[in-house]
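Chain residues, written in single-letter form:
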Amino acid sequence: MVSRPSNLTKLGYQFCRYSRQQLRERVSRLFKTFIFGIFLGAFGAGALLYFAPAVNLHRERSLISVQPNGGNIERFQINLPRDRILVGLAGVEDSIPAELDWPGKEQLGDMQAEAFIVRNENNAVVGVASRLASSTEETGPFIEWVVHFPARGTMYVQMDLMPAADGVRDGVLRAGTRDFLPLTGSIREQFVSEVEDGDVQGRIVLEVGLNGPLGDEV
Amino acid sequence: MKYLVSLFVGLLVGAVLFAVGFYYNPFMNQTMISPLAVTNERVIDFSFSAVPEEGILYTNNGESVPLPHPRRVAKLLEPAVSDTRIFVTQLQDGSGDFAGIGIKFSSESEQTRLFKGEALANSVWHIYLPGKGTLLLDQAENYWPYIREVRIPAKLSSGDNWRGAFHGIMTSGPSALGTARVSGGSGFFATLESEAVESLTARGYSAMQGPVSMTGTLTITLPRVETAGE
């Protein structure tokens, strides 16, 4: 009685069809392909890491108007109360957000810290900002803004202590980072109380006038 | 077909070998000594807890670790700010006493080059020190050593956490020596232009909650005021 050959035996027959030399060549070719794959995989992973952007920040179109006397003007707005992230003031119970553990008056005096989301004129969010103000600081009262645009840079602004008669407060660009680094300029801060826009109860408008070095437009 | 399979397996092995080599690359170690360690200027140090729950406020897009604190703080959901974090914290002086308050804005940087071991963030600190004044600190930070030595081991650990000792200088620019740029605002700092570095010391990290035990230090140089006799 002759038993039927198993699959393993069939495979063995197949291998036996090749000479030792042919088998070596086939395995060698397979091995070379594998080695080539290793190099290709390592090189591909390196190229992917090198060329693929790890960070791609979202940008809104800048809404800039060019001034006839040089420089550009850009307006930003903060819708209240929805764009408020933080209102910290010692001795006040309704701080924002709720459950905020703000240091006491003995540590920060009357210094008020606020943080906001900042929008462009089209109401699209473009950045975040902080506003610090103190009228009793022993080294001198101050009001200042830091406005941070992730894709552009940051503006550090010092404001006048007293607003003008029309309620507008002027300020100067103290320092800038990245896109704002070489620039000088001024900022006007205005609180607009009458806003007809859904749940918006008020609006802070920041009008930024910037000049490049040597009066070049930016 | 078997050549295709062989090529595919080779590609996978190659990619894994690259990843392992990249991860353990000894030439991409973090800076441990501050560039300001040998400065002739006077320096002041401020420390803070880098654990969001121990700070005053922390917010991000609400989906990343760590989660915002306090619970009801507004989240930065819009596309333009979804890669940005805001951290508000108390600053302590060298003796551990309250020194002031700092607001840190930090955004991922498009200058990030993972191939070079640079996971960069652009960050600014808006700082108020009662009795001294205000200042702005502008820096580029490299988080790659922190990601490599703390966050990835925490993610790979079976308990999703990491315990150990990590210390690194996070500041990598924008100044030439890898220091941050400081601009004074008011008070004694009104005309200040100087340098600073931020360092981070971590002892515990949870992949689910974020930092568990972590402190940061800001070292700021104060230029010496030359008197007539000097």
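Since the structure is predicted, the reported quantities are computational estimates derived from the model, not experimental observations.

With respect to the confidence of the model for chain B
Summary statistics for chain B give a mean pLDDT of 90 and a share of 96% for residues scoring 70 or more. Predicted complex metrics record ipTM = 0.90 and pTM = 0.88.

A short note on a nonpolar patch on the surface
All names here are of chain B. A grouping of Met-1, Leu-4, Val-5, Phe-8, Val-9 and Leu-12 is seen on the molecular surface, where their side chains present a nonpolar patch of about 630 Å² in accessible area. Topologically, Met-1 is positioned in the segment before helix H1 (2-23). Assessed through its relative accessible area of 74%, Met-1 is described here as exposed.

Re the interface of chain B and chain A
Taken together, the 66 residues of chain B in the interface contact 61 residues of chain A. Between chain B and chain A lies a buried interface of about 5500 Å² when both sides are counted; carbon and sulfur atoms form 70% of it. Contact with chain A buries area across many residues of chain B, yet B:Tyr3, B:Glu110 and B:Tyr128 alone supply 12% of it, more than any other trio. Inspection of the region where chain B meets chain A yields 3 salt bridges.

Observations concerning the pattern of salt bridges
All names here are of chain A. The full count for this structure, using the stated rule, is 15 salt bridges over all chains. The residue Glu-74 makes a salt bridge to Arg-152 at a minimum N-O spacing of 3.0 Å. Placement of the pair is Glu-74 in strand S2 (residues 72-80) and Arg-152 in the loop between strand S6 (142-149) and strand S7 (153-159), with a sequence separation of 78 residues. Residue class for Glu-74 comes out buried when judged on its relative accessible area of 9%.

Criteria and thresholds
- Residues numbered from 1 in each chain as written.
- Chains lettered and ligands numbered in written order.
- Predicted model: local features only at pLDDT ≥ 70, side-chain atom pairs only at ≥ 80, totals over all residues.
- Heavy atoms only, no water.
- pLDDT = per-residue confidence, 0-100.
- Patch = residues over 30% accessible without salt bridge, like charges linked within 9 Å, V, L, I, M, F, W, Y side chains within 5 Å.
- Areas by Shrake-Rupley, 256 points an atom, 1.4 Å probe, with all protein chains shown as cover.
- Salt bridge = Lys/Arg side-chain N within 4 Å of Asp/Glu carboxyl O.
- Helix = DSSP H or I, 4+ residues; strand = E, 2+ residues; numbered from the N terminus.
- Buried < 20%, exposed > 50% of the residue type's maximum accessible area, 1.4 Å probe, protein only.
- Contact = heavy atoms within 4.5 Å.
- Buried area = accessible area lost by both parts, 1.4 Å probe.

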